[in-house]
Amino acid sequence: ARIHVGQLEEAGKELEIVRRQARKEGLPGQLASAEEGLGLIAQRGGAWDVALRHFETAEELLAGEAPETLTSVITSQARCLFATNKLTHAIHLLETHLVRLNENGPGDPTALLQTYSALIGPYFEVGMRDRAAAVADEAFRLESRVQDPEHVACLHINRAQILLETGHNEEAMKSLARAEDLFRQIGWRDSAAKAAIARATAAVEMGDLDSGERQVRAALEELAHAPNQLESARAFNLLARIERLRGNPKGAL
């Protein structure tokens, strides 16, 4: 909860305490959770290699557990690989996990939705647009069976990329608005801001600079309460782009 409202330093201190206690008491599950949390903090700061090491450690600690138990650390590893342009590795990791989830019949809906959703971006970036659209559709069909708002919101953000690319702009904006609303419902202000910036970017792509500016400034207000340097940088970059498109290079600078 602290991580998702931007209290990274406090969360990090608490997780270090948990990690020490879990190691002392021999509790691999709790130790894995602490490692995953520390990875998420590193990820929020753009320290992708550090984050990846935490997630890999968590996976090692959970060795032998059911595949669905490993889903969050696998998809988190894939996000790190995606962010550092190791797209083939990310795809292989997720596809292998998908096979494991379905080995003994239809896999857990939440785990499947997470994995399909995580595959959308890497497929899209390597030019496998049809496959990206297919996994987006698979994930979307599972939405009604998944109760976790975080995973549904992430799906809508990833799905919007495909919808925008294929010209389904109105549906894409609805998906981004749905993601933003879900993140607000659970109090994840930095994630809500991320969704708002994605909506603003889409509005700018469609030529609606005024709407884009309103949305990105609203996102910056959210980020004032939930600091996230990466998302703040994206927001200011988008504002600069809007000013440039308006013919105001000084304002853009």
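Residues numbered from 1 in each chain as written. Predicted model: local features only at pLDDT ≥ 70, side-chain atom pairs only at ≥ 80, totals over all residues. Heavy atoms only, no water.

Please clarify how the overall build of the protein chain should be interpreted in this entry.
From N to C terminus, the protein chain includes 13 helices and zero strands. What you see in the protein chain, going N to C, is helices and strands ordered as α-α-α-α-α-α-α-α-α-α-α-α-α. Taken against the 2.2 N^0.38 rule, which gives 18 Å for 253 residues, the C-alpha radius of gyration of the protein chain at 19 Å falls within 12% of a compact globule. Its C-alpha atoms give the protein chain principal-axis dimensions of roughly 60 × 40 × 30 Å. Pairs at least 24 apart in sequence give 54% of the contacts found in the protein chain among residues at least 6 apart. On the protein chain, roughly 13000 Å² of surface is accessible, and the fraction owed to carbon and sulfur atoms is 49%. Between the averaged position of the 29 positive side-chain charges in the protein chain and that of its 37 negative side-chain charges there is a distance of 4 Å. (Helix = DSSP H or I, 4+ residues; strand = E, 2+ residues; numbered from the N terminus. Rg over C-alpha atoms; globule rule 2.2 N^0.38 Å. Contact = heavy atoms within 4.5 Å. Areas by Shrake-Rupley, 256 points an atom, 1.4 Å probe, with all protein chains shown as cover. Lys, Arg positive; Asp, Glu negative; His and termini not counted. Charge placed at Lys NZ, Arg CZ, Asp CG, Glu CD.)

For this particular structure, what's the right way to read the nonpolar core?
What tends to happen in soluble globular proteins is that the nonpolar side chains get buried as a cluster. Judged by nonpolar contacts, the single largest core of 52 residues is most densely connected at Tyr-116 and Phe-183. Among the elements that make up this core, the one with the highest residue count is helix α6 (residues 109-125) (nine residues). In this structure, Tyr-116 is in contact with Leu-98, Val-135, Glu-138, Ala-139 and Leu-142, ignoring residues within four places of it in sequence. Core analysis: the second largest hydrophobic core is formed by 14 residues, Leu-209, Ala-235, Leu-238 and Leu-239 among them. (Core = buried A, V, L, I, M, F, W, Y, C linked by side-chain atoms within 4.5 Å. Buried < 20%, exposed > 50% of the residue type's maximum accessible area, 1.4 Å probe, protein only.)

Explain the environment of Val-50 here, please?
Mapped onto the secondary structure, Val-50 falls in helix α3 (residues 48-61). Taking the C-alpha atoms as reference, Val-50 lies 9.2 Å from Leu-38; in sequence the two are twelve residues apart.

How do you make sense of the packing of aromatic side chains when you look at a structure like this?
Two measures describe an aromatic ring pair: the distance that separates the ring centres and the angle between the ring planes. The full count for this structure, using the stated rule, is one aromatic pair. Centroid distance Phe-183 to Trp-188: 6.3 Å. Interplanar angle 15°. Geometry classified as stacked. On the accessibility criterion, Trp-188 (15% relative accessible area) is buried. Above the ring of Phe-124, the side-chain terminus of Arg-129 is found at 4.1 Å from the ring centroid. One Lys or Arg, Arg-159, reaches over the ring of Phe-140 and ends 3.8 Å from the middle of that ring. (Phe/Tyr/Trp six-rings, centres within 6.5 Å; stacked < 30°, edge-to-face > 60°. Lys NZ or Arg CZ within 6 Å of the ring centre and 35° of its normal.)

Just to check I follow, could you spell out the pattern of salt bridges for this structure?
Pairing is possible between side chains of opposite charge, provided their charged atoms come close. Counted under the stated rule, the structure contains 21 salt bridges. Arg-2 is the salt-bridge partner of Glu-14, the closest N and O atoms lying 2.7 Å from each other. With Glu-14 in helix α1 (residues 8-25) and Arg-2 in the segment before α1, this residue pair connects regions lying twelve residues apart in the sequence. Residues participating in the shared-partner salt-bridge network are Glu-180, Arg-184, Arg-189, Arg-199 and Glu-222. (Salt bridge = Lys/Arg side-chain N within 4 Å of Asp/Glu carboxyl O.)

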